[in-house]
Amino acid sequence: MREVTAEAKASLDITNDVCPITFVKTKLKLEELEPGEVLEVILKSGEPLANVPRSAKQEGHKILKVEQQGENFRLLIRKGE
Amino acid sequence: MSIDYAELKKGGFLKQKQSGNFIMRLRTVGGNLTAEQLAGVTELAKKYGRGYVHLTTRQGVEIPWVALENFDGIRNEMKKLNLLPGTCGPRIRTVVSCPGTDVCGFALMDSQRAAATLDEAFFGREVPIKTKIGVSGCPNSCSKPQENDIGFKGAVEPAFNPEVCTGCGLCARICPAKALRMVGDKPEIDRSKCIHEGNCVSSCPSDAWQAARRGFHLYVGGKIGRFPQLGVKIAEFVPEEELVETVEKVLAGFRVLARKGERIADVINRVGADVFRRTVFEQEEKTECAK
């Protein structure tokens, strides 16, 4: 388990998951958080990167950061109201 | 007893290979049936058919094994159950559609409403040859609009606001057409590659990508059958309120160019998509001039 960064309340690694589990896990994790809190998600490029930010935005959350980490990507999602 | 098969087909009553047996084809719009309609279908299939239905590739429902003498009976009960007869022969067929904006996160245009509008305006209309219309809400084309004589595909044109862009590069990473690339810390778009799917618009964390306009791309000349081919795009961003008018223009242009027995695909193969497009969209002006 990697260490959660200071700005995120929780972290989730979905690099071993495929659609739709990628967003399902993200959604369930977000449900554990309070509005305004931040979730870090580590995901692969391609299909997860095309779908997870879009779905999060669609459900009213805010993508704060998208950054590359080696082969993977790191998202910071702030939970919406 | 003499049977007017042409008249029966008009109402979606198709002759089976077994003498005296018919298939009752029902009219569906955009592939949706209510639970009440389904219960009605169940009842009719049990009572008049053999207790099963066949789902067609065009989102239709067919009840096989209906005896000819039950034609009036099944039609009367269909009316009561709010089920409409389908059609076949040289007519405008069932309008197919994807589930659309009501339930799908990808849909850009309300394909269900578009299908209902087109069904209302065109279903069953007598035309020189069978003509199929299909609608999809986005370029994913789940309902295969390019396989129809006339197909509409929802589309969005992205517009970029550099002031709010954070330069995260997500849009360039996810663009399915590779129309976007990062130049420094800002994305650059190659409009010639853009397929108007709008992943940049729906994913952009800072809303730097916005929808400049939405509409339907128009494809004509798609067909399957023995010699399948996909429709070609002859117009972009047709507004929802111009769908009916646009189909009227396509049908009018087709009538001008078509030889006996040709579908739109055949006309396009003979005269080319450009001539077809010009005939469709300039016909009105020609008529005006003739006056």
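Residues numbered from 1 in each chain as written. Chains lettered and ligands numbered in written order. Predicted model: local features only at pLDDT ≥ 70, side-chain atom pairs only at ≥ 80, totals over all residues.

Moving on: the overall build of chain A. Counting its regular elements, chain A contains two helices and four strands. The secondary structure elements of chain A, listed N-terminal to C-terminal, are β-α-β-α-β-β. A compact globule built from 81 residues would reach a C-alpha radius of gyration of about 12 Å, and chain A, at 11 Å, matches this within 12%. Summarising its shape, the C-alpha atoms of chain A cover approximately 30 × 25 × 20 Å along the three principal directions. In chain A, which comprises 81 residues, the proportion classed as buried is 35%. For chain A, restricting intrachain contacts to residue pairs at least 6 apart in sequence, the fraction spanning at least 24 positions comes to 58%. (Helix = DSSP H or I, 4+ residues; strand = E, 2+ residues; numbered from the N terminus. Rg over C-alpha atoms; globule rule 2.2 N^0.38 Å. Buried ≥ 20, exposed ≤ 12 C-beta atoms within 10 Å, placed from the backbone. Contact = placed C-beta atoms within 7 Å.)

In this section: the sheet that holds strand 1 (residues 13–15) of chain B. Residues and elements named next belong to chain B. Strand order in this open sheet of four strands is 1-2-4-3, and the pairing throughout is antiparallel. Each end of this open sheet is capped by a strand with a single partner; those strands are strand 1 and strand 3 (54–55). Alignment of strand 2 (residues 21–25) against strand 4 (residues 61–67), held across four bridges, turns out to be antiparallel. Following the sheet pairing, Arg 25 is matched in strand 4 by Glu 62. (Pairing = 2+ DSSP bridges.)

This part is about the environment of B:Gly253. Position of B:Gly253 relative to the elements: it lies in helix 7 (residues 243–257). Spatially, the C-alpha atoms of B:Gly253 and B:Val275 are 9.9 Å apart, while their sequence positions differ by 22 residues.

Once that is clear, we can look at the domain arrangement of chain B. Under the domain assignment used here, chain B contains domain 1 (5–80) and domain 2 (96–164 + 218–290). Each residue belonging to the side of domain 1 of chain B that touches domain 2 of chain B can be placed in one class, and the counts come to one nonpolar, three polar and two charged. (Domains from an automatic or database assignment. Nonpolar A, V, L, I, M, F, W, Y, C, P; charged D, E, K, R; others polar.)

If you look at the interface, chain B gives nine residues, while chain A gives 10 residues. When contributions to the side of chain B that touches chain A are tallied by element, the ones reaching two or more residues are helix 5 (170–174) and helix 6 (199–203) of chain B. Of the residues contributing to the side of chain B that touches chain A, the split by class is four nonpolar, four polar and one charged.

A word on helix 2 (residues 35–47) of chain B. Residues and elements named next belong to chain B. The end-to-end C-alpha distance of helix 2 is 18 Å, a good match for the 18 Å that 13 residues give at a rise of 1.5 Å each. Taken as a whole, helix 2 has its buried residues at Val 41, Leu 44 and Ala 45. The buried side chains of helix 2 occupy one side of the element, clustering within an arc of 100° when seen end-on. Opposite the buried face of helix 2, at more than 90 degrees from it, the exposed residues are Ala 35, Glu 36, Ala 39 and Lys 46. (Expected span 1.5 Å × (residues − 1). Arc of directions from axis to C-beta.)

For the α-helix, the turn length of 3.6 residues means that residues three or four positions removed from each other point alike. Residue and element names in this part refer to chain B. Over its 15 residues, helix 7 extends 21 Å from the first C-alpha to the last, a length consistent with the 21 Å expected when each residue adds 1.5 Å. Along helix 7, the positions that sit buried rather than exposed are Leu 243, Thr 246, Val 247, Val 250, Leu 251, Gly 253 and Phe 254. Viewed along the axis of helix 7, the buried residues span an arc of 165°, placing them on a single side of the element. Across from the buried face of helix 7, at angles greater than 90 degrees, the exposed residues are Glu 245 and Arg 255.

Turning to the packing of helix 1 (residues 21–32) of chain A against helix 2 (residues 47–58) of chain A, a few remarks are in order. Residues and elements named next belong to chain A. In the contact formed by helix 1 and helix 2, the axes pass within 9 Å of each other and the chain directions differ by 35°. Of the two possible hands of crossing, helix 1 and helix 2 adopt the one that is right-handed. Residues Thr 22, Phe 23 and Thr 26 of helix 1 lie in contact with helix 2, whose contacting residues are Pro 48, Asn 51, Val 52, Ser 55 and Ala 56. Per-class residue counts for the contact of helix 1 with helix 2 are four nonpolar, four polar and no charged. (Axes fitted to C-alpha atoms, helices over the stretch in contact; angles between N-to-C directions. Left-handed = near helix turned anticlockwise from the far one by under 90°.)

This part takes up the nonpolar core. The biggest cluster of nonpolar side chains holds 66 residues, and the ones touching the most others in it are A:Val41, A:Leu75, A:Ile77, B:Leu118, B:Cys171, B:Val220 and B:Val247. If we skip the residues at most four places from it in the chain, A:Val41 touches A:Leu12, A:Ile14, A:Thr26, A:Val52, A:Leu75 and A:Ile77. (Core = buried A, V, L, I, M, F, W, Y, C linked by C-beta atoms within 7 Å.)

Residue and element names in this part refer to chain B. Pairing in this open sheet of five strands is mixed, and the strands run 5-6-7-10-11 from one edge to the other. Unpaired on one side and paired on the other, strand 5 (96–97) and strand 11 (232–238) mark the two borders of the sheet. Pairing geometry for strand 7 (residues 150–160) and strand 10 (residues 209–220), over 11 bridges, is antiparallel. By the bridge assignment for strand 10, Phe 152 is matched with Leu 218. Its contacts with the sheet put helix 4 (residues 111–122) on strand 5, strand 6 (133–136) and strand 7, and the angle it makes with strand 6 is roughly 165°.

Looking now at the packing of helix 4 of chain B against helix 7 of chain B. All names here are of chain B. Packing of helix 4 against helix 7 brings their axes to within 10 Å, and their N-to-C directions diverge by 50°. Considering the angle they form, helix 4 stands oblique to helix 7. In terms of crossing hand, the pair formed by helix 4 and helix 7 is right-handed. Within the contact between the two elements, helix 4 uses Ala 114, Thr 117, Leu 118, Ala 121 and Phe 122 and helix 7 uses Leu 243, Val 244 and Val 247. (Parallel < 35°, antiparallel > 145°, perpendicular 65-115°, else oblique.)

Right, let's talk about the environment of B:His54 for a bit. Residues and elements named next belong to chain B. Topologically, His 54 is positioned in strand 3. Taking the C-alpha atoms as reference points, His 54 and Pro 64, 10 residues apart in sequence, are found 7.4 Å from one another. Setting aside residues up to four positions removed in sequence, His 54 forms contacts with Glu 62 and Pro 64.

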